[in-house]
Amino acid sequence: MNFNVSIWTKDNFPIVEIKDFYFEEGKINFLFGESGIGKSLISKAIYGILNPFDLNIYINNKSYFQYLNTAYVSEIRKNGFFVFQETSTHLNPTLKISEQLEEGDLSEFSSQFLDDFKYLFYGKKEEFISFLSHSYPKPHRPSGGEKQRILASMAIKKMQLLIEKNSYSNLNLFVFDEPSGNLDDKYRDLLFDLIVKKYLKGNFTILFITHDYSLIGKIYSQYENLLTRAKFLELRKEESGLSLVEFNSRNYLDWLKSFPEGYLNQNKTDFELLKIYPDLQIFGRKLSIVKDKEKFEKKDLTINKGQIVYLKAESGMGKTSLAKAICGLIKPDKIKARIWGTTIDENTKFEFYRDRLWGKKIAMCFQHSDEALNLNDLTYQAFEPFIKNKTYLEKTDLIEKNLFKAFDYETTKIIFKRKIKHLSGGQKQKINLLRSFLSPAEIIILDEPISGMDFESVKKTFDIIKNELQNRGILLISHNEEIFSKAVGSENIFYLVENEQD
Amino acid sequence: MRVKRIFFSKSDPAKFWFRIMIVGLLLIYLWNAAFLYESGFKRWQAALFNSIFVSFVASLLSIFLGWFFSYYKYINEYLDKVVVSKTIIFFIDAIKSIPQVIGALTGYAILTNLTARDYNLSSFVLLILLSFILGLFLFVEAYDMFNERIAYYKDKDFISALRVLGMKESSIINKEIFYKNSRPYVIQKFASIFGEVFFLQASVDYIISVGLTLKTNLVSLPPTLGNLLARIDSKQDIFAIGMIFSNLSYIFELPFKHLQGLSAALTLVFVLICVYKIANALTEKLENK
């Protein structure tokens, strides 16, 4: 199907315009692209779930009201499902999860569904599944990852019901908008496996919006039968506007092969910058840092100059909270760490962090660039306050040099005096990262540094991290396990797990 | 057509209503210049200027006090100075608990007392004092707005991200949040406080006009639209509107014979409508931003 999509605000300000958006029917279409570029918005518009009163929308030169009344929209809405990235858009806080799983057409009985649901929560006890299905999205608040699996399971149920009724056609469109954004590798794999199984049985049309390039590697290594039925697309923003191009999956695989395991840690020294002792308690939750998850082998997490350490954990375990606790941004119940030879614990006063550490010894790049950056700043203003004792020209020069690390000459000139809120998601994330590296701090914590980036930006960021490691130590938190596990090397990977033993 | 395009283009409703206000006031001015007797015309001009001046200064003061107390409370909470921050909260809550009209009336009572004691305060000083009294009871709205702005950014990683990069707390709050990210909110709040002061001042001026001491009379206080309305000749002008119920043709004589009271009332209502529209348009613009 080809679509000409044009979305404007009510004040006639263009938001998204693309003339050649398409996906292939009966195929599993992977849609990559920077965050904020319009992947979700275009998909929602095509699926017919945007409010025509909020925006001026035209699809294939029809007004949105006309488009919503076409047979195509009513068919795809009846025979498909849209899995929202932001689960609270769909999940009703006044319904129990079990009731939610039976909304509308989903109320029909499916003998297979319970097994599918349990599969998505593999490794969890029966009691937990029962508790979860009887709880409400709020106030119990299942974790972000649990909610994603619950919402995705609704789409899985719809697929299963169609399979059981043998009722599928080209109009069975299932859109999964970042369905694994909050999942660790284990649950992402389980979800993906289930989607593929249903897809292969039902020959549905799937639009899978994601930033997770490691799915490519997974398909090539584990789902070869899917290769002829998978389509990799990338939405790109160019000066001429948005365009959809075929993504060459081989580029990603070749790039991944191009560096050896532990590539980022080749210049590791013996100079210790940070040590975190393994027993922690944050927000009442007992946690441990372990080297081997299965053996529960506790170990100090040490970062030396030139070293990058990768901290993995299930979604919602508290990786970001631990990072904030180390930085003194939240008060943990129990922590012990050594930063530049000085021991800190839960009783360390914030004045110590403020006067001795922040921006001097330790800095952090936050996951959500939209929250971390001042969106009303012009790009250069994001850096300016952190450059001291320089003239305006020296500052400008330094900022430009910094931007050149991530952007080409032309782009740097264009974005230098552009408001940050008008940049793409990937550009914002790179600025967020560059700003952290502008700090003289030798310990940098990177929380999801490549989230929301397209492949070209991922490669650039990878080079920046490699370059910055010459003088620093980095603690990394990321869901992009395939890339970083290889680049960091297994000896530099630690796990944050729940401590149920002490 | 060009004039229509420049002055009455509706693409920005806030600017549109601001222009309407200016053009409307200009028309009232010209009408009064043509038909109102000279001393009445001078009184109306002074009243309009004083009312706008007081509203402007009081709104400015409210924004300043709101900014100051919000920041001062936050920084004391941040530095764990519980006594200071609780004292600020108590002080603000105490002001909030006093109805604005009561607060303003009490302030006016003090002002009237000062005037009655022959301190020879100039009109300018009296207007500034009026502005302070009104600003003191309205700044809590600006204070709440600034607190909401901090709370909004506290919920996100914004403050933490800047803090851990070594930015000072005062720069984060004052420069990054208040100055760079709250200007539209400040403008909107300024416009709405301006309207409130304008109305409150007129109401209080009118109310006290029946209760001044023997030593103080309306002449002792600078003219404002409120006390212009309270003058006996203005009251007669307003009452004259009732004449049209018995004699409809009298409606044509109102804008010529009873201009002082009518133009004071019209100016009040007209400015309030325009300010209300401007504040609404700014809010809408902000929400769609």
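All of these numbers come straight from a predicted model, not from anything done at the bench.

## Quick look at the overall build of chain A
Thought 1: Across its full length, chain A holds 18 helices and 22 strands.
Thought 2: Taking 502 residues into account, the globule formula puts the C-alpha radius of gyration at 23 Å, and chain A, at 24 Å, falls close to it.
Thought 3: If you line up chain A on its principal axes, its C-alpha atoms span 65 × 55 × 45 Å.
Thought 4: When the accessible area of chain A is evaluated, it comes to approximately 21500 Å², of which 47% is carbon and sulfur surface.
Thought 5: Considering chain A, the positive charge centre built from 71 side chains and the negative charge centre built from 69 side chains are found 3 Å apart.

## Points about helix H16 (residues 425-438) of chain A
Thought 1: With 14 residues, H16(A) ought to run about 20 Å at 1.5 Å a step, and its terminal C-alpha atoms sit 20 Å apart, in line with that.
Thought 2: Burial within H16(A) is extensive, with 14 of its 14 residues counted as buried.

## Brief notes about a nonpolar patch on the surface
Thought 1: Among the surface-exposed residues, B:Tyr119, B:Leu121, B:Phe124, B:Val125 and B:Leu129 lie close enough to one another that they form a single nonpolar patch of about 430 Å² accessible area.
Thought 2: Here B:Leu129 shows up in helix H6 (residues 123-155).

## Structural notes on the domain arrangement of chain A
All names here are of chain A.
Thought 1: Domain assignment breaks chain A into domain 1 (2-258) and domain 2 (263-498).
Thought 2: Tallying the contact residues gives 24 residues for domain 1 and 22 residues for domain 2.
Thought 3: Across the domain 1 to domain 2 interface the summed buried area is about 2100 Å²; carbon plus sulfur atoms make up 54%.
Thought 4: Taken together, the connections running from domain 1 to domain 2 amount to zero salt bridges.
Thought 5: The tally of links from domain 1 across to domain 2 stands at six residue pairs in polar contact (both at pLDDT 80 or more).
Thought 6: Within the residue set of the side of domain 1 that touches domain 2, elements represented by two or more residues are helix H8 (185-202), helix H9 (214-222) and helix H10 (249-257).
Thought 7: Element by element, the count of residues in the side of domain 1 that touches domain 2 is highest for H10, at five residues.
Thought 8: Each residue belonging to the side of domain 1 that touches domain 2 can be placed in one class, and the counts come to seven nonpolar, nine polar and eight charged.

## Digging into the interface of chain B and chain A
Thought 1: Chain B puts 17 residues into the contact, and the matching count from chain A is 23 residues.
Thought 2: Summing both sides of the interface, chain B and chain A together bury roughly 1900 Å²; the carbon and sulfur share of this comes to 58%.
Thought 3: Three residues, B:Asp157, B:Val164 and B:Leu165, lead the burial of chain B against chain A; their summed loss comes to 36% of the area buried on that side.
Thought 4: Applying the counting criterion to the chain B and chain A interface returns two salt bridges.
Thought 5: For B:Asp157, the salt bridge is made with A:Lys324, and the minimal N-O distance between the two is 3.1 Å.
Thought 6: Run the count over chain B and chain A and you get eight residue pairs in polar contact (both at pLDDT 80 or more).
Thought 7: Every element with two or more residues in the side of chain B that touches chain A is listed here: helix H7 (158-164) and helix H8 (169-181) of chain B.
Thought 8: Tallying contributions element by element places H7(B) first for the side of chain B that touches chain A, with six residues.
Thought 9: Here the side of chain B that touches chain A is built from residues that sort into eight nonpolar, three polar and six charged.

## Re the side chain of A:Lys218
Thought 1: With respect to the helices and strands, A:Lys218 occurs in helix H9.
Thought 2: Not counting residues up to four positions away in its chain, the partners in contact with A:Lys218 are A:Arg188, A:Asp189, A:Phe192 and A:Tyr223.

## Structural notes on the pattern of salt bridges
Pairing between side chains becomes possible if they bear opposite charge and their charged atoms approach one another.
Residue and element names in this part refer to chain A.
Thought 1: Under the definition given, this model contains 34 salt bridges over all chains.
Thought 2: We note a salt bridge from Lys-165 to Glu-108, for which the minimum N-O separation is 3.4 Å. Separated by 57 residues along the polypeptide, Lys-165 in the loop between helix H7 (144-164) and strand S7 (173-177) and Glu-108 in the loop between helix H4 (97-100) and helix H5 (113-120) bring together distant segments of the chain.
Thought 3: For Lys-165, a relative accessible area of 48% translates into the label partly exposed.
Thought 4: Among the salt bridges present, the one from Glu-126 reaches Lys-118, with a minimum N-O distance of 3.1 Å.
Thought 5: We classify Lys-118 as partly exposed; its relative accessible area is 27%.
Thought 6: Here the residues in one salt-bridge network are Asp-185, Arg-188, Asp-189, Asp-212 and Lys-218, joined through shared partners.

## Re the sheet that holds strand S8 (residues 205-209) of chain A
All names here are of chain A.
Thought 1: The mixed open sheet is built from six strands, whose spatial order is S6-S7-S8-S3-S9-S10. At either margin of the open sheet sits one strand with a lone partner, and together these are strand S6 (81-83) and strand S10 (241-246). Pairwise comparison of adjacent strand axes, ignoring direction, gives a mean angle of 15 degrees for this sheet.
Thought 2: Bridge analysis of S6 against S7 gives three bridges, and the strand direction is parallel. Note that in S7 the partner of Phe-82 across the bridge is Val-175.

Reading the values: rules and limits
- Residues take numbers from 1 onward in each chain, read along the sequence in its written order.
- Here every chain gets a letter starting at A, and every ligand a number starting at 1, in the order they are written.
- With the structure being a predicted model, the display of local features is reserved for residues of pLDDT at least 70 and the display and counting of side-chain atom pairs for 80 or more, all residues being used for whole-chain, interface and lining totals.
- Side-chain measures were taken over the full set of non-hydrogen atoms in the model, leaving aside hydrogen atoms and water.
- In this text, helices come from DSSP runs of H or I with a minimum length of four residues, and strands from runs of E with a minimum of two, each type numbered from the N-terminal end.
- It is over C-alpha atoms that the radius of gyration is taken, and the globule rule equals 2.2 Å times the number of residues to the power 0.38.
- Note on areas: Shrake-Rupley with a 1.4 Å probe; residue coverage comes only from the protein chains shown.
- We treat Lys and Arg as the positive residues and Asp and Glu as the negative residues; His and chain ends play no part in the count.
- Charge positions are represented by NZ for Lys, CZ for Arg, CG for Asp and CD for Glu.
- A helix's residues, less one, multiplied by 1.5 Å, set its expected span.
- Burial classes: relative accessible area under 20% of the type maximum marks a residue as buried, over 50% as exposed, and values in between as partly exposed (1.4 Å probe, protein chains only).
- A patch consists of residues whose relative accessible area exceeds 30% and which take part in no salt bridge; residues with like charges are grouped when within 9 Å of each other, and nonpolar side chains (Val, Leu, Ile, Met, Phe, Trp, Tyr) when within 5 Å.
- Counted as salt bridges are all cases of a side-chain nitrogen of Lys or Arg within 4 Å of a carboxyl oxygen of Asp or Glu.
- A domain assignment, automatic or from a database, supplies the domain bounds used here.
- A contact between two residues is defined here by any heavy atoms of the two lying within 4.5 Å.
- Buried area: the accessible area, evaluated with a 1.4 Å probe, that two parts lose upon being put together, summed over both parts.
- We define a polar contact as two N or O atoms separated by no more than 3.5 Å, with the added condition that, inside protein, one atom must be a possible hydrogen donor and the other a possible acceptor, whereas residues neighbouring each other in sequence contribute only through side-chain atom pairs.
- Amino acids outside the nonpolar list (Ala, Val, Leu, Ile, Met, Phe, Trp, Tyr, Cys, Pro) and the charged list (Asp, Glu, Lys, Arg) are all regarded as polar, and Gly is one of them.
- Strand pairing is assigned whenever DSSP detects at least two bridges linking the two strands.
- Here an axis means a line fitted to C-alpha atoms, over the contact stretch when the element is a helix, while the angle between two N-to-C directions is reported on a 0 to 180 degree scale.

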